[in-house]
Amino acid sequence: MSTAATAAAQRMAAAGVVGDPTCSMAAVGQPDPALLPRGLTSVGTGRAGNYWCLIW
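Remember, predicted model here, so these are calculated numbers, not experimental data.

> What's the story with the pairing of strand E1 (residues 25–28) in this structure? I'm lost.
Here is the key point about a regular strand: its side chains alternate between the two faces of the sheet. What you see with E1 is a clean split: Met25 and Ala27 sit on the buried side and Ala26 and Val28 on the side with no burial. Pairing geometry for E1 and strand E3 (residues 51–55), over four bridges, is antiparallel. From the neighbouring strand, valine 28 faces E3, where its bridge partner is tyrosine 51.

In C-alpha cells form, the structure reads like this:
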C-alpha cells in the first residue's frame, strides 16, 4: 500500500467522485488490471471504501 495513493483514495471517497491528480489510474469498484501499461515494475496502491488509486 502506498500512503499517497491511500490518501488520494480517501479524498475520492469523501467527495464521492472518481479521479484525483495524484492517481495514474483511479477506480470505483475493482480496477481492471488489464488497463495497466505493460512493463511496469512498481505500482503503488491505495484503497478507501470502494475507491482505488494506483500510482506508477
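> Explain the environment of glycine 19 to me, please; I cannot follow it from the model alone.
Tracing the sequence through the fold places glycine 19 in the loop between helix H1 (3–15) and E1. Glycine 19 gets classed as partly exposed once you look at its relative accessible area, which sits at 40%. Along the sequence, glycine 19 and glycine 46 sit 27 residues apart, while their C-alpha atoms lie 13 Å from each other. Setting aside anything within four residues of it in sequence, one finds glycine 19 in contact with Met12 and Ala26.

> Help me understand the nonpolar core in this model?
What tends to happen in soluble globular proteins is that the nonpolar side chains get buried as a cluster. By size, the foremost hydrophobic cluster in this structure holds eight residues: Ala5, Ala8, Ala9, Met12, Cys23, Ala48, Tyr51 and Cys53. For this core, the secondary-structure elements that each account for two or more residues are H1 and E3. For this core, the element with the most residues is H1, which contributes four residues. Beyond its immediate stretch of four places on either side in the chain, alanine 8 contacts Asp20, Thr22, Cys23 and Cys53.

> Sorry, what's going on with the sheet that holds strand E2 (residues 44–48) here?
Across a sheet, paired strands are connected by hydrogen bonds in the backbone, their directions being either parallel or antiparallel. Here three strands make up an open sheet; going across it, the order is E1-E3-E2 and the pairing antiparallel. The sheet is open, and its two edges are formed by E1 and E2, each paired on a single side. Across this sheet, the average inter-strand angle for adjacent strands is 15°, counted without regard to direction. Most of the contacts of H1 go to E2, to which it runs at about 30°, and overall it touches E1, E2 and E3.

Cut-offs used in this document
- Residues numbered from 1 in each chain as written.
- Predicted model: local features only at pLDDT ≥ 70, side-chain atom pairs only at ≥ 80, totals over all residues.
- Heavy atoms only, no water.
- Buried < 20%, exposed > 50% of the residue type's maximum accessible area, 1.4 Å probe, protein only.
- Helix = DSSP H or I, 4+ residues; strand = E, 2+ residues; numbered from the N terminus.
- Pairing = 2+ DSSP bridges.
- Contact = heavy atoms within 4.5 Å.
- Core = buried A, V, L, I, M, F, W, Y, C linked by side-chain atoms within 4.5 Å.
- Axes fitted to C-alpha atoms, helices over the stretch in contact; angles between N-to-C directions.

Scope: geometric values only; no functional claims are made or implied.
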